[in-house]
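Working through the structure, step by step
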Amino acid sequence: MAGGAITRFAPSPTGLLHLGHAYAALVAQAAAGPGQFLLRIEDIDRDRCRADYEAAIYDDLAWLGLTWPQPVMRQSDRMTAYHEALARLAPLTYPCRCRRGDIRAALSAPQEGALPAGPDGLVYPGTCRGRSMADAGPDDVIRLDVARAFDALGIDRVAFRDQAIMPGQDHLLTRDQFQEGIGDVILSRRGMGTSYHLAVVVDDAAQGITLVTRGKDLFDSTYIHVLLQKLLTLPTPRYHHHRLIRDDAGRRLAKRDDARAIRSYRDDGATPQDIRRMLAF
Ligand code: GLU
């Protein structure tokens, strides 16, 4: 889109939006320019998502002065699309029955000191890699065999560009770095039928997102998303990973920080302009 971008703000309705969310939403809206700013509700985790939090998202964003087109995409309505993507990736996936304790034990055996961890926590040691999808049980997760994925694509690295961090240069991750630092990522979580990574990639493409803006905490996940885009022959958008809003002690805000909820500021009489000012926006 000439002069503009299609961007999105993609919150999960697992709590009240806080100042960090307000910042992410404002960045996404500003980055769209004359393009389009979309809202997407990331509610694949049915145990943690709540309808009243979703309603509060709409209310708080409208109060902040944001507008977005209807209908809003909700990930819980998109299971067929995730299922199709998983089926396409099936030759490169395997079912895994390991629980966190199994993974920790398998990693501790050869390892001294800190265990290898990536964007999703411990790097999976590959215990179930030999299992076939035909043996998948209802309690298994589904993992991507990263080595096979790189082989299938005939590539030895993934790369993307960020508008703010080293702009104009590639952020690169080699196959070895991917295997050692990220590992065989989960594409379908237990009882969910998808995972954050798979859903976000499928939906960004379905919504025609041309510029993904999101916090720096998700920077390393972008390598996973680029790999999935290649495997699913989807376009790679541009990226902008923005700063995180921190509390006075320098900690990243979390949903449990109710004191920082937009709702609390509203209740205390703050205006949307006050919020923008606090965020230096
Ligand atoms: N739903 C994610 C979150 O609340 C953001 C997803 C994304 O921007 O890719 O942190």
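Use the structure listed above.
Cut-offs used in this document
- Residues numbered from 1 in each chain as written.
- Predicted model: local features only at pLDDT ≥ 70, side-chain atom pairs only at ≥ 80, totals over all residues.
- Heavy atoms only, no water.
- Helix = DSSP H or I, 4+ residues; strand = E, 2+ residues; numbered from the N terminus.
- Contact = heavy atoms within 4.5 Å.
- Lys, Arg positive; Asp, Glu negative; His and termini not counted.
- Charge placed at Lys NZ, Arg CZ, Asp CG, Glu CD.
- Pairing = 2+ DSSP bridges.
- Axes fitted to C-alpha atoms, helices over the stretch in contact; angles between N-to-C directions.
- Buried < 20%, exposed > 50% of the residue type's maximum accessible area, 1.4 Å probe, protein only.
- Right-handed = clockwise from strand over helix to strand, strands pointing away.
- Core = buried A, V, L, I, M, F, W, Y, C linked by side-chain atoms within 4.5 Å.
- Near = heavy atom within 4 Å.
- Polar contact = N/O pair within 3.5 Å; in protein donor to acceptor, adjacent residues only side chain to side chain.
- Salt bridge = Lys/Arg side-chain N within 4 Å of Asp/Glu carboxyl O.
- Parallel < 35°, antiparallel > 145°, perpendicular 65-115°, else oblique.
- Nonpolar A, V, L, I, M, F, W, Y, C, P; charged D, E, K, R; others polar.

Concerning the overall build of the chain
- Summing up its helical and strand segments, the chain has 10 helices and 12 strands in all.
- By principal-axis analysis of the C-alpha atoms, the chain measures approximately 60 × 40 × 35 Å.
- Residue pairs in contact within the chain that sit at least 24 positions apart in sequence constitute 78% of those at least 6 positions apart.
- Side-chain charges in the chain split into 36 positive and 35 negative, and the spacing between the mean points of these groups amounts to 2 Å.

Notes on the sheet that holds strand 2 (residues 36–41)
- Overall, parallel pairing links the three strands, which are arranged 1-2-3 in an open sheet. The open sheet has two free edges, formed respectively by strand 1 (6–9) and strand 3 (73–74), since each of these has just one partner strand.
- Along the sheet, helix 2 (residues 51–64) makes contact with strand 1, strand 2 and strand 3, crossing strand 2 at roughly 160°.
- Running at roughly 145° to strand 2, helix 7 (residues 196–206) makes contact with strand 1, strand 2 and strand 3 of the sheet.

As for the environment of Pro138
- Relative to the elements of secondary structure, Pro138 occurs in the loop between strand 6 (121–122) and strand 7 (141–144).
- Residues Pro138 and Ala81, spaced 57 residues apart in sequence, show a C-alpha to C-alpha distance of 20 Å.

A short note on the pairing of strand 7
- Side chains of strand 7 alternate between two faces, with Val141 and Arg143 and Ile142 and Leu144 buried alike.
- In terms of strand pairing, strand 4 (residues 93–96) meets strand 7 through four bridges, oriented antiparallel. Bridge pairing links Tyr94 to Arg143 in strand 7.
- Strand direction decides the pairing type here: strand 7 and strand 10 (residues 186–188), joined by two bridges, are antiparallel. Counterpart to Arg143 in the pairing with strand 10 is Ile186.

Things to note about the sheet that holds strand 7
- The three strands lie next to each other as 4-7-10, forming an open sheet whose pairing is antiparallel. The open sheet has two free edges, formed respectively by strand 4 and strand 10, since each of these has just one partner strand. Averaged over all adjacent pairs, the angle separating strand axes in this sheet is 40°, with direction ignored.

Examining the pairing of strand 1
- Of the two faces of strand 1, both are covered, the one formed by Ile6 and Arg8 as well as the one formed by Thr7 and Phe9.
- Of the strand pairs in this sheet, strand 1 and strand 2 are connected by four bridges, and their pairing is parallel. Across the sheet, Phe9 pairs through a bridge with Leu39, a residue of strand 2.
- After leaving strand 1, the chain enters helix 1 (residues 19–32) and then returns to the sheet as strand 2, a path that is right-handed.

Digging into the nonpolar core
- Judged by nonpolar contacts, the single largest core of 37 residues is most densely connected at Leu144 and Phe178.
- The set of elements that each furnish at least two residues to this core consists of helix 3 (79–89), strand 7, helix 5 (146–153), strand 8 (157–161), helix 7 and helix 8 (221–231).
- Here this core takes six residues from helix 8, the largest share from any one element.
- With sequence-adjacent residues up to four places away left out, Leu144 is seen in contact with Leu92, Thr93, Tyr94, Ala149, Asp184, Val185, Leu187, Leu227, Leu228 and Leu231.

Focus: the site of the ligand
- The environment of the ligand is made up of Arg8, Ala10, Ser12, Glu42, Tyr196, Val200 and Arg214.
- The contact in question runs from a nitrogen atom of the ligand to an N or O atom on the side chain of Glu42, over 2.7 Å.
- Contacts to the ligand include Tyr196, whose side-chain N or O atom sits 2.8 Å from an oxygen atom.

As for the pattern of salt bridges
- For the structure shown, the criterion picks out 22 salt bridges.
- The partner of Asp184 in a salt bridge is Arg129, with the nearest N and O atoms 2.8 Å apart. A residue pair is termed long-range when its members are at least 10 positions apart, and Asp184 in the loop between helix 6 (175–181) and strand 10 and Arg129 in the loop between strand 6 and strand 7 qualify at 55 residues.
- Taking the relative accessible area as the measure of exposure, Arg129 reaches 34% and is therefore partly exposed.
- In this structure, the salt-bridge partner of Asp151 is Arg175, at a minimum N-O distance of 2.5 Å.

As for the packing of helix 3 against helix 7
- Put simply, helix 3 and helix 7 touch, their axes get as near as 10 Å, and they point 105° apart. Between helix 3 and helix 7, the crossing angle belongs to the class labelled roughly perpendicular. Together, Ala81, Tyr82, Ala85, Leu86 and Leu89 of helix 3 and Leu198, Ala199, Val202 and Asp203 of helix 7 make up the contact between the two elements.
- Broken down by class, the residue content of the contact of helix 3 with helix 7 amounts to eight nonpolar, no polar and one charged.

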